[in-house]
Amino acid sequence: MSMETTTNRADGDVLLRVENLVKHFPVKSGKLVPGERDYVHAVEDVSLEVRRGETLGLVGETGCGKSTLARCVARLYPVTGGKITFDGQDITNLSPRRMRPLRREIQMIFQDPYGSLNPRRRVGSIIGDPFSIHRTARGEDRKKQVQHLMELVGLNPEHYNRFPAEFSGGQRQRIGVARALAFRPKLIICDEPVSALDVSIQAQILNLLSDLQRDLGLTYVFIAHDLSVVRHVSNRVAVMYLGKIVEESPVDGMWAHPRHPYTDALLSAVPLPDPDHAQQRERIILAGDVPSPIHPPTGCRFHPRCPKARPTCVSTEPELTPRLGDESDHVAACHFPVEDGEDISLSKPSIAEDQRVIESGLIAGA
Amino acid sequence: MTYDIQAVGESELPVEPSAVRAAEAQKAIEGKSPWVLAWRRLRRDRAAMICLGVIIFIVACAIGAPVFAAITGHGNMEQFDTIGRTPTGLPVGPNSTFWLGTDSLGRDLLVRIAYGARISLFVGVVATAVTVAGGTVIGLAAGYFGGVIDSVLARFMDWLLAVPFLLFAISLFSVAVVHPIFGFIGPGLPIVIIVLGFFGWATVGRIVRGQVLSIKEKEYIEAARALGAGPWRIMFIDILPNLLAPLIVYSTLLIPATIVGEATLSFLGVGVQPPTADWGQMISDASTMFLYGPWWYLVFPSAALLITTLAFNIFGDGVRDAFDPRGDLYV
């Protein structure tokens, strides 16, 4: 006990710490006798911290590994390497039995409000699941708690006996939120909780989440690919590309001085409400597609698409450190970070097309 | 805890805590379960409802078989050597004493058919239940656990589906009669049910496995795991309810097949043994003397078998349409 307290104090207010997390998925070979296996490098050497009461935004393209990272943290996937510390306790390799009590403290809200609720079960029993799994409440007591939760997320508690199909997308997402809230968890991982909803409903769910955070002191890891949503809810943002974090910073710093060309390109794609302003702005169009995560590029993983790429980018992997005199909490992994006011759509890569390593061992154009 | 709901900014769903509204809404609150909806669709299917009536009639006949015996005054096993057989020893045709005629031993065919319905329905229901239960559990395990368990079980199912059922059943029957260890089972109902169940579950197992493979990738399974649910809870509380519709449909269609299977085994002499009344046996016996004239002995048991299986099949089709209006079930 005393040891735990010490680590807690040493960590300060850090609730979740991820260190050098690696997650590889074996690729099905399709051969009868499996030879050497290929792996999808979904998450590669990711480290991050989430402090109590804050919201960490996690952004990136589809397939960049953000959902995998979230599922590793929630211990839905076994981890290939690295360490996950939650509330001072190493949870990386806890057995399912020892993980059970911690399930109450780490919860998830899922992307698809249609897929995340069992269509054959009544809403009351879906939201009551946490109570029956952990055997904390039964019968009338469970019903009362469930109805209280429904009220908390703005659902009519009388709809206890309905099926998910009888609710709209926004209401279904509220059901998902209620289920996650059952034990007042310390950490909630929101895996694109609003990307499947209409814009008007998105705002309602986002407001609900921030009200709950204020009232219940929740901590969120908020995954999204919509940057304006992330900006609205997050305190800090981490940008992922191909399994790695390329830039991490408090929200305002990120928007004011994006350092990584990828972040810059993402931000330039955010729609602006003012059409005049939008017309003046230069949109950065990235060339090519995201390379295969089975054989990721050498050096900086972004170099095959980067307008600023130079030979160093192919040979050396950049470290995640503060660049260009930024505060210590604004880190970027780029050898040639974007300077304030620089327009990277004007720069040309100084390495020839055929020198870009799009897959390790495979030269583009060869 | 007090919490201001209005602060949430809800516009989709006005929550009015007024008692009047609550009382009014009470009726609409209970969601219509998929079962209720399916039953409503089934009620509108006229063919299925007629067949359901036929099935209920057959079940009533089976249960009330002693009533037939009482009305006619002819026992199930009672042989009428003088009035039940012609002087040359052939069965007598339908008349006022024997409404459907008699069989080769001078027994009342009507009473025998009613008693035969008991065997057919009993085997049909019990063997189907065994088949579906076994197939469900094994299919769930194979689909959910995957890996080596899945490989072994799936290959075993493939093997079972490749075995020639009748040849195997006949030889198994011989073993059951004479084998020093398995001999205790003996010929009769249990071996029929065991054989039908053993050869039937693989099909159910395959259907279940396939469904589980797709269901287990759903986010609500991940949500259950995130809540700390163990594999058994996930299999039986989260996955199984999603399988019930296809299972019920498959079961109703499997019952007639099982009834025919039982009749086939008894026809071949490896099923239910005489003197127990059984449709398959009657058809077998009748076919040996059909050429000499007693058509009723062949026609009435065959008609009983035909009507029963037809009713179950059409009803099963109705059940499938009711559960699956879009037609995306595997069966």
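Residues numbered from 1 in each chain as written. Chains lettered and ligands numbered in written order. Predicted model: local features only at pLDDT ≥ 70, side-chain atom pairs only at ≥ 80, totals over all residues.

**Q** What's the story with the sheet that holds strand β5 (residues 89–90) of chain A in this structure? I'm lost.
**A** Two orientations exist for strands paired in a sheet by backbone hydrogen bonds: parallel and antiparallel. All names here are of chain A. Taking strand neighbours across the sheet as the criterion, the four strands line up as β2-β1-β4-β5 in an open arrangement whose pairing is antiparallel. Since the sheet does not close on itself, it has two edges, and those belong to β2 (39–51) and β5, each with one partner. In this sheet, strand β4 (residues 81–86) lies alongside strand β1 (residues 14–26) in antiparallel orientation, the contact comprising five bridges. Among the inter-strand pairings, Leu 16 is bridged to a residue of β4, identified as Phe 86. Taken strand by strand, helix α2 (residues 66–73) contacts β1, β2 and β4, and its axis lies near 115° from that of β1. (Pairing = 2+ DSSP bridges. Helix = DSSP H or I, 4+ residues; strand = E, 2+ residues; numbered from the N terminus. Contact = placed C-beta atoms within 7 Å. Axes fitted to C-alpha atoms, helices over the stretch in contact; angles between N-to-C directions.)

**Q** Any chance you could explain the nonpolar core here in plain terms?
**A** Nonpolar side chains tend to gather and get buried jointly when the protein is soluble and globular. Formed by 96 residues in total, the largest nonpolar core has its most connected members in Val73(A), Ala178(A), Val221(A), Phe222(A) and Val239(A). The two domains that each donate at least three residues to this core are domain 1 (2–27 + 38–234) and domain 2 (257–363) of chain A. (Core = buried A, V, L, I, M, F, W, Y, C linked by C-beta atoms within 7 Å. Buried ≥ 20, exposed ≤ 12 C-beta atoms within 10 Å, placed from the backbone. Domains from an automatic or database assignment.)

**Q** For this particular structure, what's the right way to read the interface of chain B and chain A?
**A** Where interface size is given, it is often the accessible area lost as the parts come together that is meant. Contacts between the two partners involve 31 residues from chain B and, on the opposite side, 39 residues from chain A. Only α1 (19–29), α9 (219–226) and α10 (231–267) of chain B provide two or more residues apiece to the side of chain B that touches chain A. Looking at the side of chain B that touches chain A residue by residue, the class counts come to 17 nonpolar, five polar and nine charged. (Nonpolar A, V, L, I, M, F, W, Y, C, P; charged D, E, K, R; others polar.)

**Q** What is the right way to read helix α7 (residues 169–181) of chain A from this model?
**A** Count 3.6 residues to each turn of an α-helix, and residues three or four apart come out pointing the same way. Residues and elements named next belong to chain A. With 13 residues, α7 extends 19 Å between its outermost C-alpha atoms, agreeing within 8% with the 18 Å of an ideal straight helix rising 1.5 Å per residue. Among the 13 residues of α7, 12 are classified as buried, and the element is accordingly described as predominantly covered. Inspection of α7 places Gly 170, Gln 171, Arg 172, Gln 173, Arg 174, Ile 175, Gly 176, Val 177, Ala 178, Arg 179, Ala 180 and Leu 181 among the buried residues, and these make up the whole buried set. (Expected span 1.5 Å × (residues − 1).)

**Q** Please clarify how the pairing of strand β3 (residues 55–59) of chain A should be interpreted in this entry.
**A** Each regular strand carries side chains that alternate between the two faces of the sheet. Residue and element names in this part refer to chain A. Among the five residues that make up β3, five are buried, leaving the element largely enclosed by the rest of the structure. Sheet topology places β3 next to strand β8 (residues 219–224); five bridges connect them, and they run parallel. When the sheet's bridge partners are listed, Gly 57 is paired in β8 with Phe 222. Pairing between β3 and strand β9 (residues 236–241): four bridges, direction parallel. Paired with Val 59 across the strands is Val 239, a residue of β9.

**Q** In this structure, what is going on with the sheet that holds β3(A)? I would like to understand it.
**A** Strand order in this open sheet of seven strands is β6-β7-β8-β3-β9-β10-β11 (chain A), and the pairing throughout is mixed. Strands at the two margins of the open sheet, each flanked by one partner only, are β6 (106–109) and β11 (331–332) of chain A.

**Q** I keep staring at the environment of Thr97(B) and nothing clicks. Help me out?
**A** Within the fold, Thr97(B) resides in the loop between α4 (65–72) and α5 (109–145). The spacing of Thr97(B) and Phe165(B) is 68 residues in sequence and 42 Å in space, taken between C-alpha atoms.

**Q** Looking at this structure, I do not really get the packing of α10(B) against helix α12 (residues 295–323) of chain B. What am I missing?
**A** What describes two packed helices is the angle between their axes and the distance between those same axes. All names here are of chain B. Following both chains from N to C, one finds α10 and α12 inclined at 170°, their axes separated by 8 Å at the closest point. Comparing their axes, α12 and α10 come out roughly antiparallel. Together, Ala 245, Ile 248, Val 249, Thr 252, Leu 253, Ile 255, Pro 256, Ile 259, Val 260 and Ala 263 of α10 and Leu 305, Thr 308, Thr 309, Phe 312, Asn 313, Phe 315, Gly 316, Val 319, Arg 320 and Phe 323 of α12 make up the contact between the two elements. Residue composition of the contact of α10 with α12, grouped by class: 14 nonpolar, five polar and one charged. (Parallel < 35°, antiparallel > 145°, perpendicular 65-115°, else oblique.)

**Q** What am I meant to see in the environment of Phe198(B) here?
**A** Residue and element names in this part refer to chain B. Assignment of secondary structure puts Phe 198 in helix α8 (residues 189–215). The exposure class assigned to Phe 198 is partly exposed, which follows from the 19 C-beta atoms found within 10 Å. A sequence separation of 33 residues divides Phe 198 from Phe 165, and the C-alpha atoms of the two residues are 9.9 Å apart.

**Q** Can you help me understand unusual backbone geometry in this one?
**A** It is generally the case that most residues other than glycine have a negative phi and that most peptide bonds are trans. Going from Pro274(B) to Pro275(B), the amide bond is cis rather than trans, its omega being 10°. Positive phi outside glycine occurs at Arg135(A), with the angle close to 50°. On the secondary structure map, Arg135(A) appears in the loop between α5 (129–133) and α6 (139–152). Arg135(A) gets classed as exposed once you count the C-beta atoms within 10 Å, which come to 7.

**Q** Mind showing me how you'd approach α9(B) here?
**A** Of all eight residues in α9(B), eight are buried; the element is thus mostly enclosed. Along α9(B), the residues classified as buried are Glu219(B), Tyr220(B), Ile221(B), Glu222(B), Ala223(B), Ala224(B), Arg225(B) and Ala226(B). Taken together, the buried residues of α9(B) touch α3 (96–103), β6, α5 and α7 of chain A together with α8 and α10 of chain B. Positive phi appears at Gly228(B), one or two residues downstream of α9(B), with a value of about 100°.

**Q** Would you mind going over the domain arrangement of chain A with me for this structure?
**A** Residues and elements named next belong to chain A. What the domain assignment lists for chain A is domain 1 (2–27 + 38–234) and domain 2 (257–363). Between domain 1 and domain 2, the C-alpha centre-to-centre distance is 31 Å. Breaking the side of domain 1 that touches domain 2 down by element, the ones donating at least two residues are β2 and α9 (227–233). Considering each element in turn, the side of domain 1 that touches domain 2 owes the most residues, four residues, to β2.

**Q** For this particular structure, what's the right way to read the environment of Leu286(A)?
**A** Residues and elements named next belong to chain A. Inspection of the secondary structure puts Leu 286 in the loop between α12 (275–280) and α13 (311–315). On a C-alpha basis, the gap between Leu 286 and Arg 120 in space is 44 Å, while along the polypeptide they are 166 residues apart. Those residues in contact with Leu 286 that lie beyond four places of it in its chain are Ala 265 and Arg 305.

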